Amino acid sequence: QVQLVESGGGLVQAGGSLRLSCAASGRSLNGYSVGWFRQAPGKEREFVAHVLWNGGGISVGDFAKGRFTISRDNAVYLQMDKLQPEDTGVYLCAAQFSYTGPNRWTYWGQGTQVTVSS
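Source: prediction; values computed, not measured.

Participant: Where do I start with the overall build of the protein in this structure?
Facilitator: A count of helices and strands for the protein gives 0 helices and 11 strands. Listing each helix as α and each strand as β along the protein from the N terminus yields β-β-β-β-β-β-β-β-β-β-β. Taking 13 Å as the expected radius of gyration for a compact globule of 118 residues, we find that the protein reaches 13 Å, a close match to that expectation. For the C-alpha atoms alone, the extent of the protein along its principal axes is close to 40 × 25 × 25 Å. When burial is assessed residue by residue, the protein has 44% of its 118 residues classed as buried. The contacts of the protein with a sequence gap of at least 6 include a subset with a gap of at least 24, amounting to 55%. With an accessible surface of roughly 6,200 Å², the protein has 46% of that area assigned to carbon and sulfur atoms. Side-chain charges in the protein split into 10 positive and 8 negative, and the spacing between the mean points of these groups amounts to 5 Å.

Participant: Honestly, the packing of aromatic side chains in this entry has me stumped. Any pointers?
Facilitator: In the structure shown here, the tally under the stated rule is 7 aromatic pairs. Between Tyr 32 and Phe 97 the ring centres are 5.3 Å apart and the planes differ by 75°, which places this aromatic pair in the edge-to-face class. Here the residue Tyr 32 occupies a position in strand E4 (residues 32–39), and Phe 97 occupies one in strand E9 (residues 89–97), the gap between them amounting to 65 residues. Centroid distance Phe 37 to Phe 47: 5.8 Å. Interplanar angle 70°. Geometry classified as edge-to-face.

Participant: How should the sheet that holds strand E3 (residues 18–24) be read in this particular structure?
Facilitator: Working definition: the strands of a sheet are paired by backbone hydrogen bonds and lie parallel or antiparallel to each other. Pairing is antiparallel in the open sheet, where 4 strands are placed in the order E1-E3-E8-E7. Here the strands that pair on one side only, and so sit at the sheet edges, are strand E1 (4–7) and strand E7 (68–72). The sheet shows a mean angle of 15° between the axes of neighbouring strands, taken without regard to direction. When E3 meets strand E8 (residues 76–80), the two strands line up antiparallel, connected through 5 bridges. Within E8, the position partnered with Leu 20 by the bridge is Leu 78.

Participant: How do you make sense of the pattern of salt bridges when you look at a structure like this?
Facilitator: When the charged atoms of two side chains lie near each other, side chains of opposite charge can form a pair. Enumeration according to the criterion identifies 4 salt bridges in this entry. Here Glu 46 ties to Arg 38 by a salt bridge, and the two come within 2.9 Å at their closest N and O atoms. Of the residues examined, Glu 46 reaches a relative accessible area of 32% and is grouped as partly exposed. Look at Arg 38 and you get buried, because its relative accessible area is 9%. In this structure, the salt-bridge partner of Asp 87 is Arg 38, at a minimum N-O distance of 2.8 Å. Pair noted here: Asp 87 is in the loop between E8 and E9 and Arg 38 is in strand E4, with a separation of 49 residues, a long-range link. Given a relative accessible area of 1%, Asp 87 falls into the buried group.

Participant: Is there a simple way to think about the side chain of Arg 72 in this case?
Facilitator: Mapped onto the secondary structure, Arg 72 falls in strand E7. The charged side chain of Arg 72 is buried without a salt bridge, its nearest counter-charge being Asp 73 at 7.6 Å. Separated by 3.0 Å, the side chain of Arg 72 and the backbone oxygen of Leu 29 make a polar contact. Among the polar contacts listed, one links the side chain of Arg 72 to the backbone oxygen of Leu 52, at a separation of 2.9 Å. Setting aside residues no more than four positions away along its own chain, Arg 72 makes contact with Leu 29, Tyr 32, Ser 33, Val 34, Val 51, Leu 52, Trp 53, Gly 55 and Tyr 77.

Scoring rules and cut-offs
- Residues numbered from 1 in each chain as written.
- Predicted model: local features only at pLDDT ≥ 70, side-chain atom pairs only at ≥ 80, totals over all residues.
- Heavy atoms only, no water.
- Helix = DSSP H or I, 4+ residues; strand = E, 2+ residues; numbered from the N terminus.
- Rg over C-alpha atoms; globule rule 2.2 N^0.38 Å.
- Buried < 20%, exposed > 50% of the residue type's maximum accessible area, 1.4 Å probe, protein only.
- Contact = heavy atoms within 4.5 Å.
- Areas by Shrake-Rupley, 256 points an atom, 1.4 Å probe, with all protein chains shown as cover.
- Lys, Arg positive; Asp, Glu negative; His and termini not counted.
- Charge placed at Lys NZ, Arg CZ, Asp CG, Glu CD.
- Phe/Tyr/Trp six-rings, centres within 6.5 Å; stacked < 30°, edge-to-face > 60°.
- Pairing = 2+ DSSP bridges.
- Axes fitted to C-alpha atoms, helices over the stretch in contact; angles between N-to-C directions.
- Salt bridge = Lys/Arg side-chain N within 4 Å of Asp/Glu carboxyl O.
- Polar contact = N/O pair within 3.5 Å; in protein donor to acceptor, adjacent residues only side chain to side chain.

Distances and angles like these do not, on their own, reveal function.
This is the structure:
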């Protein structure tokens with residue numbers, strides 16, 4: 001079992017930055033691909049970015065290109081720059097062992113709230 005814990009959310013003004021972290025409680029994320037997703041009130045969950053277990057295969061959602069960067073070492077990070085009010089939502093990380101597909105995320109965190117004020 002992999003328990004994921006997100007941190008780094010908060011309230012920021014439009015144009016600001018936040019760095020989110022995703023870690024596995026009591027264990028390493030070695031061997032696991034990790035993705036970030038977000039969900040705004042009344043909207044479906046949306047893919048943000050993922051990084052594969054080997055640090056490669058980075059994919060970023062269209063809305064995030066040029067603004068969000070995903071990286072990993074012992075944890076997985078989502079650097080978010082130039083934040084806009086429409087980026088407001090709960091950001092969740094998810095993991096799967098190795099990588100078997102974009103819809104095969106096995107483990108999910110509880111999420112961290114990001115609020116961007118105008």
